[in-house]
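Chain by chain, the residues run as shown.
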Amino acid sequence: MAETFDFVIHGGTVVTTSGPVQTSVAVRSGKVARIGDIAPAAAGRSFDAKGLTVLPGVIDEQVHFREPGPVHKEDLESGTRGAVLGGVTAVFEMPNTDPPTTTASALADKVKRAAGRSWTDFAFYVGASPENADDLKDLEREPACCGIKMFMGSSTGTLLVADDENVARVLASGTRRVTVHSEDDMRLQERNAMVRDGADVSMHAEWRDVETAVRSTKRLLALARKAGRRVHVLHVSTAEEMAILGENKDIATVEVLPQHLTLAAPECYQRLGTLAQMNPPIREARHRDALWRAIDEGIVDCVGSDHAPHTLEEKARPYPRSPSGLTGVQTLLPLLLDHHAAGRLTLARLVDLTSAGPCRIFNVAGKGRIAVGYDGDFTVVDLKAKRTITNSWIASRAGWTAFDGMAVTGWPKATIIRGNVVMCDDELQGAPAGAPVRFQETL
Ligand code: DOR
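Just so we're clear, the structure is a prediction, and the values are computed from it rather than from any experiment. (Residues numbered from 1 in each chain as written. Predicted model: local features only at pLDDT ≥ 70, side-chain atom pairs only at ≥ 80, totals over all residues. Heavy atoms only, no water.)

Let's shift gears to the pairing of strand β6 (residues 58–63). Two faces belong to every sheet, and in a regular strand the side chains alternate between them. Of all 6 residues making up β6, 6 are buried, and the element is well covered by its neighbours. Judged from the 4 bridges that link them, β6 and strand β7 (residues 88–93) form a sheet pairing that is parallel. The residue of β7 that forms the bridge with isoleucine 59 is alanine 90. Traced from β6 through helix α1 (residues 76–85) to β7, the parallel crossover comes out right-handed. (Buried < 20%, exposed > 50% of the residue type's maximum accessible area, 1.4 Å probe, protein only. Helix = DSSP H or I, 4+ residues; strand = E, 2+ residues; numbered from the N terminus. Pairing = 2+ DSSP bridges. Right-handed = clockwise from strand over helix to strand, strands pointing away.)

The amide bond that connects alanine 265 to the next residue, proline 266, takes the cis arrangement and shows omega of 0°. Among the secondary structure elements, proline 266 is positioned in the loop between α10 (258–262) and α11 (267–272). For the bond from tyrosine 319 to proline 320, the omega torsion is 5°, close enough to zero to count as cis. If you trace the backbone, proline 320 turns up in the loop between α13 (312–315) and α14 (332–341). Non-glycine residue aspartate 306 carries a positive phi angle of around 50°. A relative accessible area of 6% places aspartate 306 in the buried class. Non-glycine residue asparagine 363 carries a positive phi angle of around 55°. Within the fold, asparagine 363 resides in the loop between α15 (347–362) and β14 (378–389).

The subject of this paragraph is α14. The buried fraction of α14 is high, at 8 of 10 residues. Listed in full, the buried residues belonging to α14 are Leu332, Leu333, Pro334, Leu335, Leu336, Leu337, Asp338 and His339. Looking at the residues trailing α14, positive phi occurs at glycine 343, about 90°.

Geometry of a packed helix pair, given as the angle between the helix axes and the separation of the axes. Interaxial distance between α14 and α15 falls to 10 Å at its minimum, and their mutual angle equals 155°. It follows from the interaxial angle that α14 and α15 lie roughly antiparallel. Where α14 crosses over α15, the two elements pack in a sense that is right-handed. Residues Leu333, Leu336, Leu337 and His340 of α14 form the contact with α15, whose own contacting residues are Leu347, Leu350 and Thr354. In terms of residue class, the contact of α14 with α15 is made up of 5 nonpolar, 2 polar and no charged. (Axes fitted to C-alpha atoms, helices over the stretch in contact; angles between N-to-C directions. Parallel < 35°, antiparallel > 145°, perpendicular 65-115°, else oblique. Left-handed = near helix turned anticlockwise from the far one by under 90°. Contact = heavy atoms within 4.5 Å. Nonpolar A, V, L, I, M, F, W, Y, C, P; charged D, E, K, R; others polar.)

In the neighbourhood of the ligand, 13 residues make up the surrounding shell, with Arg66, Asn96, Thr156, Asn279 and Ser324 lying closest. One of the side-chain nitrogen or oxygen atoms of threonine 156 is found 2.7 Å away from an oxygen atom of the ligand. A distance of 2.8 Å is found between an oxygen atom of the ligand and a backbone nitrogen or oxygen belonging to asparagine 279. Looking at the shell around the ligand, its residues break down into 3 nonpolar, 9 polar and 1 charged. (Near = heavy atom within 4 Å. Polar contact = N/O pair within 3.5 Å; in protein donor to acceptor, adjacent residues only side chain to side chain.)

Moving on: the nonpolar core. Counting residues in each nonpolar core, the largest one holds 63 residues, and the members touching the most others are Met150, Val170, Leu171 and Met242. Top element by residues in this core is helix α8 (residues 210–227). It accounts for 6 residues. Here leucine 171 is in contact with Met150, Val178, Leu220, Leu223, Ala224, Ala227, Arg229 and Val231, once residues within four sequence places are set aside. The next biggest cluster of nonpolar side chains, apart from the first, holds 28 residues, and it includes Leu188, Cys268, Leu326 and Leu335. (Core = buried A, V, L, I, M, F, W, Y, C linked by side-chain atoms within 4.5 Å.)

Turning our attention to the pattern of salt bridges. Counting across every chain of the model gives 31 salt bridges. With a shortest N-O distance of 3.2 Å, aspartate 209 and arginine 191 are connected by a salt bridge. Residue aspartate 209 is located in the loop between α7 (204–207) and α8, and its partner arginine 191 is located in the loop between α5 (185–190) and α6 (193–196); the two are separated by 18 residues in the primary sequence. In this structure, the salt-bridge partner of aspartate 426 is arginine 387, at a minimum N-O distance of 2.8 Å. Remark: arginine 387 occurs in strand β14 and aspartate 426 occurs in the loop between β16 (420–424) and β17 (427–428); sequence separation between them is 39 residues. Aspartate 426 gets classed as partly exposed once you look at its relative accessible area, which sits at 24%. If you follow the salt bridges from partner to partner, you end up with Glu67, Asp75, Asp109, Arg113, Arg117 and Arg397 in one network. (Salt bridge = Lys/Arg side-chain N within 4 Å of Asp/Glu carboxyl O.)

This part is about the packing of aromatic side chains. Here the distance between the centres and the angle between the planes together describe a pair of aromatic rings. Inspection of every chain in the model, using the stated rule, returns 6 aromatic pairs. The interplanar angle of 40° and the centroid separation of 5.7 Å between the aromatic rings of phenylalanine 122 and phenylalanine 124 together place this pair among those described as tilted. Judged by relative accessible area, phenylalanine 122 falls into the buried class, the value being 4%. Judged by its relative accessible area of 1%, phenylalanine 124 falls in the buried class. Here the aromatic rings of tryptophan 393 and tryptophan 411 are separated by 4.6 Å at their centres, their planes lie at 45°, and the arrangement is tilted. In this pair, tryptophan 393 is assigned in the loop between β14 and β15 (406–417) and tryptophan 411 in strand β15, connecting sequence segments 18 residues apart. Judged on exposure class, the residue tryptophan 393 and its partner tryptophan 411 are both buried. Members of the aromatic cluster, joined through ring pairs, are Phe92, Tyr125, Phe362 and Phe439. (Phe/Tyr/Trp six-rings, centres within 6.5 Å; stacked < 30°, edge-to-face > 60°.)

Below, the structure is given as structure tokens:
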């Protein structure tokens, strides 16, 4: 009897480990079972991808979904709903919730909340603090933990590890990837007077300047080398840091964001005001150009969204009382596809930055490529579709995007997780059935 499958995707161009191939992919029990010439009738369910491109599922390794805590901005259901509408199949969620994810019970609580409510597969970071620094080696082994997050500069929430002694304690405890918000808190405090009593939002990039980022990243790299610990520097925003990181690739991986790759000061602040306010800030075009160069040169390992929702009402407070952060999980892929259409990014590089890259950094098991035995996660895209990003399309409780009104080329057509279509043609399908992401490390 002929072999049967649960699901087959056929007729499209599949981005395999060997590059784009016109072929079919079959899924059984959630995993890719065969790649090749497969009749649609061999599966209970099939998806016709004619004229479309099938990418490995997009993984967003930096989102803030606000649950538990300020869920009026977002929760795990709304955040992951936005993710699948944007073609994202798995998310790694940040610990600056209320309470922060700094204990095993806080982590277990998030996993419990995600069950039956998360549209995507998911994992959570444990937040580092001076109080839990010595416990991180145990916390990082908890189920559904993707790694550690350390804020060296204060941002949204209360998490902070500012001084070298505590940074060293965090780096000494455990072996998994430590992701870092790298801004020097001492310099931020010293210079806070320049904005404290009110200023134009464009001062945000003056206050949190290049030196603030560079000083912190230099300190981090020196301490990481001493500890022999791998670090992942999040949302790198300066040309100067890229030069330094390029010399430290044996211990440091690098994330950049579509916000920093797409927008530039001063235009973004003039046009968007506090909607462009984020940490680290959006800077002048020379930095944006340097980030693109770092993508071309291979210094950058992945692109995440840093989805950081705040309501329009909160954003309307006068700077600096306006909170920092932009929504992004839903626009991550459309923006990157548009950069691809404009010739700034090859499809192979896009896939590496959004699928294979995050899996290498975090030792994800069974995701990040379309290969037999791997999860049947696919982001199906129409590379030619002409669409406009609008606030009305955004699922986030925050209800806005800094890219409202932007015409783009390239759009997610369908999001498929472990062989189940969860989004097609901008519509959700089925119910939230996300599962914890698995990791190779059982060290
Ligand atoms: O702009 C930011 N917003 N940067 C961060 O580091 C945190 C984030 C948030 O959670 O709002």
